[in-house]
Amino acid sequence: MTVPSSALRGVLVAFGAYAVFAFSDASIKILHGGVPAYQVAFIGALFGCAALPFIKGRDDSWLEIVRSTNRVLWLLRFACGAIGAIASIITFTKLPMAEAFCLLFLLPSFVTILSVIFLGEDVRWQRWAAVIVGFIGVLVVLRPGFRELSVGHLAAAIGGLAAAISIVVMRKMGPAEKRLSLYGAALLGTIAVSGILMLSEMVVPTPRQWLFIASYGLLGAAGNVLLMTAARLAPANLVAPPQYSQMLWAIAFGYLIFDDAIDLPMAAGIVLIVCSGLLTLARERKRGTPLPRAVVSADNQAPLATSTEENGDVRRPVQAASHVVSQA
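Residues numbered from 1 in each chain as written. Predicted model: local features only at pLDDT ≥ 70, side-chain atom pairs only at ≥ 80, totals over all residues. Heavy atoms only, no water.

Details of the pattern of salt bridges
Heads up, the condition is: Salt bridge, as applied in this entry: a Lys or Arg side-chain nitrogen positioned within 4 Å of an Asp or Glu carboxyl oxygen. Helix numbering and strand numbering both begin at the N terminus, where a helix is a DSSP run of H or I of at least 4 residues and a strand a DSSP run of E of at least 2. Residue burial is assigned from relative accessible area. The probe radius is 1.4 Å, only protein chains are included, and a residue is buried under 20% of its type maximum, exposed over 50%, and partly exposed in between.
Summed over the entire model, instances satisfying the criterion amount to 3 salt bridges. Residues Lys178 and Asp60 are paired through a salt bridge, measuring 2.6 Å at the closest nitrogen-oxygen approach. Residue Lys178 is found in the loop between α8 (151-173) and α9 (179-197), and its partner Asp60 is found in the loop between α3 (52-55) and α4 (71-94); the two are separated by 118 residues along the sequence. Residue classification places Lys178 among the buried residues on the basis of a relative accessible area of 19%. Sharing partners across several salt bridges, the network here consists of Asp60, Glu64, Arg67 and Lys178.

Right, here's the structure in full:
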């Protein structure tokens, strides 16, 4: 297989992966909050374990799930995985899908800000301009003072921030941390925290609800596997941009299934936020900066595969070591 042919296949697989994640997120919204978010996160994470055999390297031990080169940062990712998963479920439950994705797509902007604060990255005016464009887009979408904001908007902000912290943690930990450990931290965090929280409020899902909870978890796992396959076939800078195709799925689902409407200001805000994210990806590609992980699923895990390097038979996340200065 030629390199261009492999890259094209990788991009097509990435589009497929993000479509699968969009269907996973739609499964949450179809539940209409009939099952508590903690319970959905817990059961969904259990189904998400289906991806573990595909994430495990040939020479990895299953104990790598709980091993780490930096236990403090592993625990921080453990917590962020749980917070991000629960917050994302609340977001998709309370907000129209397009608006939910619109707010969660602020992730690259959060990553830029946190990377400056905690990793000491040198960010130049082009990336700051992208951040400003993204936040202007959010203001256009939310129109504070002109429309009522809800817990869904707060959850989106918390979910995006938790995911951004998780990315910075991954960059700080560096390429020595195995992918199974990184995935396992967020997965175990979701299972543990959601399992404790749901003890105060549990419902017995109906067969229909079980179907969509299973769809959420299994499609999330399938999306992870597809995204890892895409990363093997194409460079990270080609695998990441297709994430924005999810906005098309969100608009389609909203129109066909959920009776959501998109007015002109929201459409303008969506365009600004998507442009902000693409500008950030373009600048990081030009400077050779490890790409920020994408917001692709409410399980908050899929982006582990979008930036990888070969290390023997195991593909590991490419992270920026703490001493590396990234220029945009």
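Focus on the nonpolar core
Which entries qualify depends on this criterion: What makes a nonpolar core is a set of buried Ala, Val, Leu, Ile, Met, Phe, Trp, Tyr and Cys residues whose side-chain atoms join them at distances within 4.5 Å. Should any heavy atoms of two residues lie within 4.5 Å, those residues are counted as being in contact.
If you look at the biggest cluster of nonpolar residues, it comprises 64 residues, and the most contacted ones within it are Ile89, Phe92, Met97, Phe101, Met247 and Ile270. Top element by residues in this core is helix α5 (residues 97-104). It accounts for 7 residues. Sequence-distant contacts of Met247, defined by excluding residues within four places in its chain, comprise Ala98, Phe101, Cys102, Phe105 and Ile270. Ranked by size, the runner-up nonpolar core spans 9 residues in total, among them Ala7, Ala14, Tyr18 and Ala234.

A word on unusual backbone geometry
Located in the positive-phi region is His32, a residue other than glycine, with phi close to 55 degrees. According to the relative accessible area criterion, His32 is exposed, its value standing at 61%. For Asp259, which is not glycine, the phi torsion reads 55 degrees and is therefore positive. One can find Asp259 in the loop between α12 (246-256) and α13 (264-287). According to the relative accessible area criterion, Asp259 is exposed, its value standing at 68%.

Section: the packing of aromatic side chains
We describe a pair of aromatic rings using the distance from one ring centre to the other and the angle between the two ring planes. Our working rule: Ring pairs are drawn from Phe, Tyr and Trp, using the six-membered ring of Trp, whenever the two centres fall within 6.5 Å, and their geometry is named by plane angle: stacked under 30 degrees, edge-to-face over 60, tilted for the rest. A positively charged side chain is recorded as over a ring if its NZ (Lys) or CZ (Arg) lies within 6 Å of the ring centre. The angle to the ring normal must also be within 35 degrees.
Applying the stated rule across the entire model yields 8 aromatic pairs. Positioned above the aromatic ring of Phe258 is the side chain of Lys29, whose terminal nitrogen or guanidinium carbon lies 5.7 Å from the ring centre. For the cation-ring pair, Arg71 lies above Trp74, with the distance from its terminal atom to the ring centre recorded as 4.9 Å.

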